[in-house]
Amino acid sequence: VLVLGLMMCGAFAGLNEFNERFFRTGDDIRDRLGARFLGYLPAFGDEEKTRRGRKEAPPKPAAAAGLAARARRQTRFAIKAPSSMFAETLRSAKYAADVVLQERQSKVLGIVSALPGEGKSTVAANLAHLLAVNGQKTLLIDADLRNPGLSRSLGMNSEQGLLEAVMNGQSWRSVAKMDPET
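These remarks concern the structure in this document. (Residues numbered from 1 in each chain as written. Predicted model: local features only at pLDDT ≥ 70, side-chain atom pairs only at ≥ 80, totals over all residues. Heavy atoms only, no water.)

On to the overall build of the protein, then. For the protein, the helix and strand inventory stands at 10 helices and 0 strands. Reading the protein from its N end, one meets helices and strands in the order α-α-α-α-α-α-α-α-α-α. Looking at the protein as a whole, 24% of its 182 residues qualify as buried. In the protein, once contacts between residues fewer than 6 apart in sequence are set aside, the share between residues at least 24 apart is 50%. Roughly 13600 Å² of accessible area belongs to the protein as shown, and the carbon and sulfur atoms make up 58% of that amount. (Helix = DSSP H or I, 4+ residues; strand = E, 2+ residues; numbered from the N terminus. Buried < 20%, exposed > 50% of the residue type's maximum accessible area, 1.4 Å probe, protein only. Contact = heavy atoms within 4.5 Å. Areas by Shrake-Rupley, 256 points an atom, 1.4 Å probe, with all protein chains shown as cover.)

The subject of this paragraph is helix α7 (residues 120-133). Between the first and last C-alpha of α7 there are 20 Å, a value that for 14 residues agrees with the 20 Å anticipated at 1.5 Å per step. Taken residue by residue, α7 has T122, V123, A124, A125, N126, L127, A128, H129, L130, L131 and A132 as its buried positions. Looking at the residues trailing α7, positive phi occurs at G135, about 90°. (Expected span 1.5 Å × (residues − 1).)

Before going further, it helps to spend a moment on the layout of surface pockets. Estimates place the volume of the largest pocket at around 1500 Å³. Lining of the largest pocket is provided by 43 residues; of these, I111, K120, A124, L140 and L150 occupy positions nearest its centre. Elements supplying a minimum of two residues to the lining of the largest pocket: α4 (64-75), α6 (85-100), α7 and α8 (149-153). Split by residue class, the lining of the largest pocket holds 19 nonpolar, 14 polar and 10 charged. (1 Å grid on protein atoms, 1.4 Å probe; cavity = no way out; pocket = protein on both sides within 12 Å on 5 of 7 lines; lining within 4 Å. Points joined across faces, edges and corners; volume = space filled by probe spheres on them. Nonpolar A, V, L, I, M, F, W, Y, C, P; charged D, E, K, R; others polar.)

In this structure, F77, A78, I79, A81, F86, A87, L90, V123, L127, L130 and L131 together form the largest nonpolar core, which totals 11 residues. Within the residue set of this core, elements represented by two or more residues are α5 (77-80), α6 and α7. (Core = buried A, V, L, I, M, F, W, Y, C linked by side-chain atoms within 4.5 Å.)

Okay, a nonpolar patch on the surface next. A contiguous nonpolar patch, built from L139, I141, L145, L162, L163, V166, M167 and W172 and spanning about 830 Å² of accessible area, is present on the exposed surface. Counting residues per element, the nonpolar patch draws most heavily on helix α9 (residues 162-167), at 4 residues. With respect to the helices and strands, W172 occurs in helix α10 (residues 172-175). By relative accessible area, which is 45% here, W172 ends up partly exposed. (Patch = residues over 30% accessible without salt bridge, like charges linked within 9 Å, V, L, I, M, F, W, Y side chains within 5 Å. Salt bridge = Lys/Arg side-chain N within 4 Å of Asp/Glu carboxyl O.)

Next up, the structure:
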């Protein structure tokens, strides 16, 4: 019975390994997708806690104003902590894009994710801030028409946006907002 149990466990482990659909290393990405691996983005909360030198999670504010302030801090993390692993990975992605797109005058980078809450707004805002701080002309577009969370986290709510510009034939400049810091 013990031998049969061990054989069944081995079979289940092998089947699980065979059916695994996750990427665990940079080599997995290179081997399975044939794409260049640019780096890991650390879990944002973990790096922020490490940077502060704390082990415990920071208290979560209950008020909407506190959540908005936290979201604004997260969108500027890379420029507030330029030596962080998060900022370094974004710089690596920027350098890789420069190499790939070096012959083109116009460079467009899209940040997407498969599921909500994976951090695409945080990554996009931090990358845009890094580019702008380094003197590059940067236009960050929140193209989520249903839930423009990026615009909200940047504190740039307005009545006119991407949809109004496209539908009304307006110039993008008429609906653009400037970030005074970058």
